[in-house]
2 protein chains.
Amino acid sequence: MFRRKKALKTEDTHIKQLADIVGPKEVLFHKEDLISYESDGFTIHSHMPKAVVFPKNTEEVAAVVKYCADHDLPFLARGAGTGLSGGAIPLNGEVIISLVKMKRLLHVDLENRQAVVEPGYVNLKLTHSISDKGYYYAPDPSSQYCCTIGGNVAENAGGAHCLKYGVTTNHILGLEVVTPAGDIIEIGREGIADVPGYDLLGLITGSEGTLGIVTKITVRILKNPEEKQTVLAYFDRVEDGSRAVSDIVSRGIVPAALEMMDKIAIEGVEAAAFPVGHPKDIEALLLIEVDGISAGIEEQIDDILDVCKKRNVRSVKVAQDEKERAKWWANRKTGFGAMGAISPDYLVQDGVIPRSTLPQVLQKINEVSQETGLRIANIFHAGDGNLHPLILFDARVPGETEKALEAGSKCLQACADAGGSITGEHGVGIEKREEMRFVFTDQEIQAQTDVREVFNPHYLLNAGKLFPSSGRCAEIKAEQKKAASE
Amino acid sequence: MFRRKKALKTEDTHIKQLADIVGPKEVLFHKEDLISYESDGFTIHSHMPKAVVFPKNTEEVAAVVKYCADHDLPFLARGAGTGLSGGAIPLNGEVIISLVKMKRLLHVDLENRQAVVEPGYVNLKLTHSISDKGYYYAPDPSSQYCCTIGGNVAENAGGAHCLKYGVTTNHILGLEVVTPAGDIIEIGREGIADVPGYDLLGLITGSEGTLGIVTKITVRILKNPEEKQTVLAYFDRVEDGSRAVSDIVSRGIVPAALEMMDKIAIEGVEAAAFPVGHPKDIEALLLIEVDGISAGIEEQIDDILDVCKKRNVRSVKVAQDEKERAKWWANRKTGFGAMGAISPDYLVQDGVIPRSTLPQVLQKINEVSQETGLRIANIFHAGDGNLHPLILFDARVPGETEKALEAGSKCLQACADAGGSITGEHGVGIEKREEMRFVFTDQEIQAQTDVREVFNPHYLLNAGKLFPSSGRCAEIKAEQKKAASE
């Protein structure tokens, strides 16, 4: 309320003009209002934006973008701000275009299995809106109770159930996009999976807000599986747990989810909001879910129990009812935040590896922990080789933040060395820009920045993200621009 | 043999230089040798290439490309030449880079479920190479016994079993690509599904040979399903068959394949090499396959039989053994070619529609047939709404080819009007360039040609394909270039 009165009292022409577009109540520009927009889920970095605007529709987004483009103002889009790699941090004092007020479910078409949402629509709401009809939206990042589908598109978000069902890009059928020049284009078509021409849908999805601003999203929705069964298995040795992961997949089972937590992670989740009562002396647990048509489930569960036994499981059980299943998942999904219960600060990393290299990479992460003296918890999507080392540290201890960042980078190097990659679902953002060099040559990075130049030639949209900074004209331009505006 | 001796006898400097790169035996340049390269599976158009070269490895491809780029020679890549939209036709008298001699299976990694192949490796060979270990490669275009995986990547090929398993792009983990400048870049990483940065893998896949030449491909391989069951259902009314398709999917079943043929198509396949004995008086048949873990299959089959009965099926049966199943599939897979048994010529179209609009679009295609007086057979992937109207005509009758092309365009317009698109798996090539306007605005086409410009700035690689020609500098440049060289 307070801010609304103040919105008109400014001498800044840009703010006034932006207020003319979105309405004076929909612009924040006072320092105290901007503080919560300095950072996102990657809290290690922060920078003050110039302003935050809250457009209510595509036309307002396009008008704001056009204004910024015409006046050489850097800008970026933001959803719920839950991103873990800093993609929404206004490095260059951007005008932040918050999409949280564009949060409508526009259309549900059960016959063709699709729904159309605005970018600020919260992920979990979609499943809640259609679950009574027997449908759901598959990508389920742990933050799904608050993250937006627009943000999911930007980061190509994953989740525990992406092993079987695929990440966000596998569920996007169409996008309406405002280009960095302020034009509105449609990409993909509702209702059909394939469109001719280049796959711009795939290109925009996961481009971390650097190619355009998504203003409308057509997603695929799925029929609820007839049955789900969930298994919890405790192991005395990490290696046995890792081997069980490979064995399950080798038997031709594709679980809906295949999650792993190590000892420190278990200590964390047991100290947090949803303890399950996991034994404290185990080295690893697996949470395995299979779903599908009822008739096939029992056999798969038997197979999984058999694998676990052959890999020396200490104990294993099947969830007896939905309540027990929900409890196990709540425990798992609060995993990252739970680290707060056992450490003042933590840094989550997000590497991907070929599944078969799991034991050796976990060993390497253990070595990084010993070298740096920082505890590292592992809680991750084991089935698709998507690791999440959680590096525990105390930012109040001088030098420890830097040490944590270094440990994170070493974990990513281990993933890259094993033939993997530096991000599965959290994005590169500003966090992993330099680590892009672990997996791409200069030429390969150049091919990507050349593509960016097509869409974003003046680097006003979300500059300084996704690519390493040195030796590339793109970033130099952005930095010059920034310097000039300071 | 004959041509090998002649290869050295030429005064053409370019041919000599190309022969220096790939060896004199690996260059064709005499008119009689070039005739079979004038066209591909889209035989309505043809144009003479300048030469055909057969590189044996990536370095030779890169050297040929560099030579062409340095000497302003248009060029394009060709696999088995089975493409149905003219993507490999040398419109500008290109140097054709044939990849059929790069046909090795380089690596199989069962544990991480992947294989690495050269682009000239034939699709079906991959499944044959790994089937004894219990694995297969999913994308199965009808031409899979001879088409190459490189060509599949270029066209993002589909197939009967793509309903459940997805098209080529869903099975590509990594690519080695020679850019139009002759640089070698790697895109994606073996063994992992996600890479950071822009999805260039998706961008190159399905780009119809206009962004680069793929020289190495890492594909995902799948474990053979434990069981397959196949159902054949005959309907007296097309509409009942169409409704059954929607009903099956609505019940939450995802068949591995869900194929439909109408009366004229059935007449064709029964007159061709693999007749099954389908009744001649039915209006439609469905071929439905479910696969997976044995325990779940029976229930799905019961559900499918129940749907068919409710939709007034005349008769329905389940394949009794692998022999019967194989016979049904051989009958279906020779479907396009079978049209040759009932018509001197045919043109296959490739529209995509939302599944729920199937009855109305089939009705519209029927009207196109009546308007043009040409018979149109329908044989298609009904489950994913991927139509294949086969327009029967006689090229010897003056004007009938044009009438067939017009009928094809009208069928695509009907698909686009129903909220669909103009190609599911055959590509745009030169065939459907103008029809791109049915689904894209000028601005949306511009966004794509801008992307092409990043990779292919001088339009030497496969110019004149994929995009409509008028009003765009790209094509004008290409046409000027062509005119200048003639």
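Residues numbered from 1 in each chain as written. Chains lettered and ligands numbered in written order. Predicted model: local features only at pLDDT ≥ 70, side-chain atom pairs only at ≥ 80, totals over all residues. Heavy atoms only, no water.

- Chain A has the name Glycolate oxidase in an unreviewed UniProt entry, where Alteribacillus persepolensis is given as its organism.
- Recorded under Cofactor (unreviewed entry), the UniProt text for chain A is reproduced unchanged: "FAD". (UniProt positions renumbered as here; feature names shortened; annotations may be inferred.)

## What to know about the overall build of chain A
Stage number 1. Within chain A one finds 18 helices and 20 strands.
Stage number 2. For 486 residues, the compact-globule estimate of 2.2 N^0.38 gives 23 Å, and the C-alpha radius of gyration of chain A, at 23 Å, lies within 12% of that figure.
Stage number 3. Expressed along its principal axes, the backbone C-alpha trace of chain A runs to roughly 70 × 55 × 50 Å.
Stage number 4. Expressed as a percentage of the 486 residues in chain A, the buried residues total 60%.
Stage number 5. When contacts within chain A are restricted to residue pairs at least 6 apart in sequence, those whose partners lie at least 24 apart make up 71%. (Helix = DSSP H or I, 4+ residues; strand = E, 2+ residues; numbered from the N terminus. Rg over C-alpha atoms; globule rule 2.2 N^0.38 Å. Buried < 20%, exposed > 50% of the residue type's maximum accessible area, 1.4 Å probe, protein only. Contact = heavy atoms within 4.5 Å.)

## Observations regarding the packing of helix H9 (residues 238–250) of chain A against helix H14 (residues 358–372) of chain A
All names here are of chain A.
Stage number 1. The N-to-C vectors of H9 and H14 enclose an angle of 145°; their axes lie 9 Å apart at closest approach. At the point where H9 passes H14, the crossing takes the right-handed sense. Of the residues in H14, those in contact with Val 238, Glu 239, Ser 242, Arg 243 and Val 245 of H9 are Leu 358, Pro 359 and Leu 362.
Stage number 2. Across the contact of H9 with H14, the residue classes tally to 5 nonpolar, 1 polar and 2 charged. (Axes fitted to C-alpha atoms, helices over the stretch in contact; angles between N-to-C directions. Left-handed = near helix turned anticlockwise from the far one by under 90°. Nonpolar A, V, L, I, M, F, W, Y, C, P; charged D, E, K, R; others polar.)

## Overview of the relation of the copies chain B and chain A
Stage number 1. In the superposition of chain B on chain A (RMSD 0.0 Å, axial shift 0.0 Å), the rotation amounts to 180°. The transformation just described matches what one would write down for a two-fold rotation axis. Within chain B, B:Gly296 has its C-alpha nearest the rotation axis, a separation of 2.1 Å.
Stage number 2. When the interface residues of chain B are mapped onto chain A, 100% of them again lie at the interface, so the same face is used by both copies. (Least-squares fit on C-alpha atoms with pLDDT ≥ 70 in both.)

## Focus: the interface of chain B and chain A
Stage number 1. The interface of chain B with chain A comprises 65 residues on the first partner and 66 residues on the second.
Stage number 2. Of the roughly 5200 Å² buried between chain B and chain A, counting both surfaces, carbon and sulfur atoms make up 57%.
Stage number 3. Where chain B meets chain A, there are 0 salt bridges.
Stage number 4. Run the count over chain B and chain A and you get 16 residue pairs in polar contact (both at pLDDT 80 or more). (Buried area = accessible area lost by both parts, 1.4 Å probe. Salt bridge = Lys/Arg side-chain N within 4 Å of Asp/Glu carboxyl O. Polar contact = N/O pair within 3.5 Å; in protein donor to acceptor, adjacent residues only side chain to side chain.)

## What to know about the environment of B:Lys223
Stage number 1. With respect to the helices, strands and loops of the structure, B:Lys223 is situated in strand S11 (residues 222–223).
Stage number 2. Residue classification places B:Lys223 among the partly exposed positions, given a relative accessible area of 29%.
Stage number 3. The sequence separation of B:Lys223 and B:Asn170 amounts to 53 residues, and the corresponding C-alpha distance is 15 Å.
Stage number 4. Leave out the neighbours within four places in its chain, and B:Lys223 touches A:Ser250, A:Arg251, A:Gly252, B:Arg113, B:Gly134, B:Tyr135 and B:Tyr136.

## Brief notes about the state of the cysteines
Here, disulfide denotes a covalent bond that connects the sulfur atoms of two cysteines.
Residue and element names in this part refer to chain B.
Stage number 1. The full count for this structure, using the stated rule, is 0 disulfides over all chains.
Stage number 2. Unpaired in this structure, Cys 147 has its nearest cysteine sulfur neighbour in Cys 146, at a distance of 6.1 Å.
Stage number 3. You can call Cys 147 buried: its relative accessible area is 3%. (Disulfide = S-S within 2.5 Å.)

## Observations regarding the sheet that holds strand S4 (residues 95–98) of chain A
All names here are of chain A.
Stage number 1. Spatially, S1-S2-S4-S3 is the arrangement adopted by the 4 strands of the open sheet, whose pairing is mixed. Where the open sheet ends on each side, the last strands, each with one partner, are strand S1 (27–28) and strand S3 (75–78).
Stage number 2. Contacts from helix H4 (residues 58–70) reach strand S2 (51–53), S3 and S4 within the one sheet, and its direction differs from that of S4 by about 170°. (Pairing = 2+ DSSP bridges.)

## A look at the sheet that holds strand S6 (residues 114–117) of chain A
Residues and elements named next belong to chain A.
Stage number 1. Taken together, the 5 strands give an open sheet; going across it, the order is S5-S6-S10-S8-S9, and neighbouring strands pair in antiparallel fashion. Every interior strand has two partners, whereas the edge strands, strand S5 (105–109) and strand S9 (184–188), have only one. In this sheet, adjacent strand axes meet at a mean angle of 15° when their direction is disregarded.
Stage number 2. Of the pairings in the sheet, the one linking S5 to S6 comprises 4 bridges and is antiparallel in character. Paired with Leu 105 across the bridge in S6 is Val 117.

## A closer look at the packing of aromatic side chains
Stage number 1. Across all of its chains, the model carries 6 aromatic pairs over all chains by this definition.
Stage number 2. When the centroid spacing of 5.4 Å and the interplanar angle of 75° are considered together, the rings of A:Tyr198 and B:Phe467 count as edge-to-face. Here A:Tyr198 is found in the loop between S9 and helix H8 (200–204), whereas its partner B:Phe467 is found in the loop between helix H17 (442–455) and helix H18 (473–485) on a different chain.
Stage number 3. The buried category is assigned to A:Tyr198, whose relative accessible area is 2%.
Stage number 4. Note on B:Phe467: relative accessible area 0%, which makes it buried.
Stage number 5. With a centroid separation of 6.2 Å and 90° between ring planes, the pair formed by B:Tyr136 and B:Tyr165 is classed as edge-to-face. (Phe/Tyr/Trp six-rings, centres within 6.5 Å; stacked < 30°, edge-to-face > 60°.)

## What about the confidence of the model for chain A?
Stage number 1. Chain-level pLDDT for chain A is 90 on average; 94% of the residues reach the 70-or-more range.
Stage number 2. Throughout residues 1–7 of chain A the model reports pLDDT below 50, and contacts reaching past four residues in sequence, or to other chains, amount to 10 contacts. (pLDDT = per-residue confidence, 0-100.)

## Here's the deal with the side chain of B:Thr372
Stage number 1. Residue position: B:Thr372 is located in helix H14 (residues 358–372).
Stage number 2. If we ignore the near neighbours within four places in the chain, the residues touching B:Thr372 are B:Lys403 and B:Ala407.

## Some thoughts on the pairing of strand S18 (residues 376–381) of chain A
Residues and elements named next belong to chain A.
Stage number 1. The element S18 is extensively covered by neighbouring structure, given that 6 of its 6 residues are classed as buried.
Stage number 2. Of the two faces of S18, both are covered, the one formed by Ile 376, Asn 378 and Phe 380 as well as the one formed by Ala 377, Ile 379 and His 381.
Stage number 3. With 3 bridges joining them, strand S13 (residues 257–262) and S18 adopt antiparallel strand pairing. Its bridge partner being in S18, Glu 259 is matched across the sheet by His 381.

## Concerning unusual backbone geometry
Stage number 1. Look at A:Asn462: it is not a glycine, yet its phi comes out positive at around 45°.
Stage number 2. The residue A:Asn462 is located in the loop between helix H17 (442–455) and helix H18 (473–485) in this model.
Stage number 3. In this structure, B:Asn312 takes a positive phi of about 60° despite not being glycine.
Stage number 4. Following the sequence through the fold, B:Asn312 ends up in the loop between helix H11 (294–310) and strand S15 (313–318).
Stage number 5. The class for B:Asn312 is partly exposed, based on a relative accessible area of 48%.

## Some thoughts on the packing of helix H2 (residues 13–22) of chain A against H4(A)
Residues and elements named next belong to chain A.
Stage number 1. Between H2 and H4, whose axes approach to 9 Å, the crossing angle comes to 160°. Here H2 is positioned roughly antiparallel relative to H4, judged by the angle of their axes. You can see that H2 and H4 cross each other, and the crossing is right-handed. Taking contact as the criterion, the partners of Thr 13, His 14, Gln 17, Leu 18, Ile 21 and Val 22 in H2 are, on H4, Glu 60, Ala 63, Val 64 and Tyr 67.
Stage number 2. A class-by-class count of the residues in the contact of H2 with H4 yields 6 nonpolar, 3 polar and 1 charged. (Parallel < 35°, antiparallel > 145°, perpendicular 65-115°, else oblique.)

## Re the pattern of salt bridges
Residue and element names in this part refer to chain A.
Stage number 1. This model, assessed by the stated rule, comprises 60 salt bridges over all chains.
Stage number 2. Linking Arg 243 and Glu 239 is a salt bridge whose minimum nitrogen-to-oxygen distance equals 3.1 Å. Taken together, the residues span about one helical turn, with Arg 243 and Glu 239 both in helix H9 at a distance of 4 residues.
Stage number 3. Assessed through its relative accessible area of 30%, Arg 243 is described here as partly exposed.
Stage number 4. Among the residues examined, Glu 239 registers a relative accessible area of 34% and is labelled partly exposed.
Stage number 5. Among the ionic contacts, a cluster of salt bridges with common partners joins Arg 237, Glu 239, Asp 240 and Arg 243.

## Here's the deal with helix H10 (residues 263–271) of chain B
Stage number 1. Among the residues of H10(B), B:Ile264, B:Ala265, B:Ile266, B:Gly268, B:Val269 and B:Glu270 are the ones counted as buried.
Stage number 2. The elements touched by buried residues of H10(B) are strand S13 (257–262), strand S14 (284–292), helix H12 (322–333), helix H13 (335–338), strand S18 (376–381) and strand S20 (389–393) of chain B.

## Comments concerning the side chain of B:Thr179
Stage number 1. Locating B:Thr179 in the fold gives a position in the loop between strand S8 (172–178) and strand S9 (184–188).
Stage number 2. Once residues lying within four places of it in the same chain are set aside, the contact partners of B:Thr179 are B:Val65 and B:Ile185.

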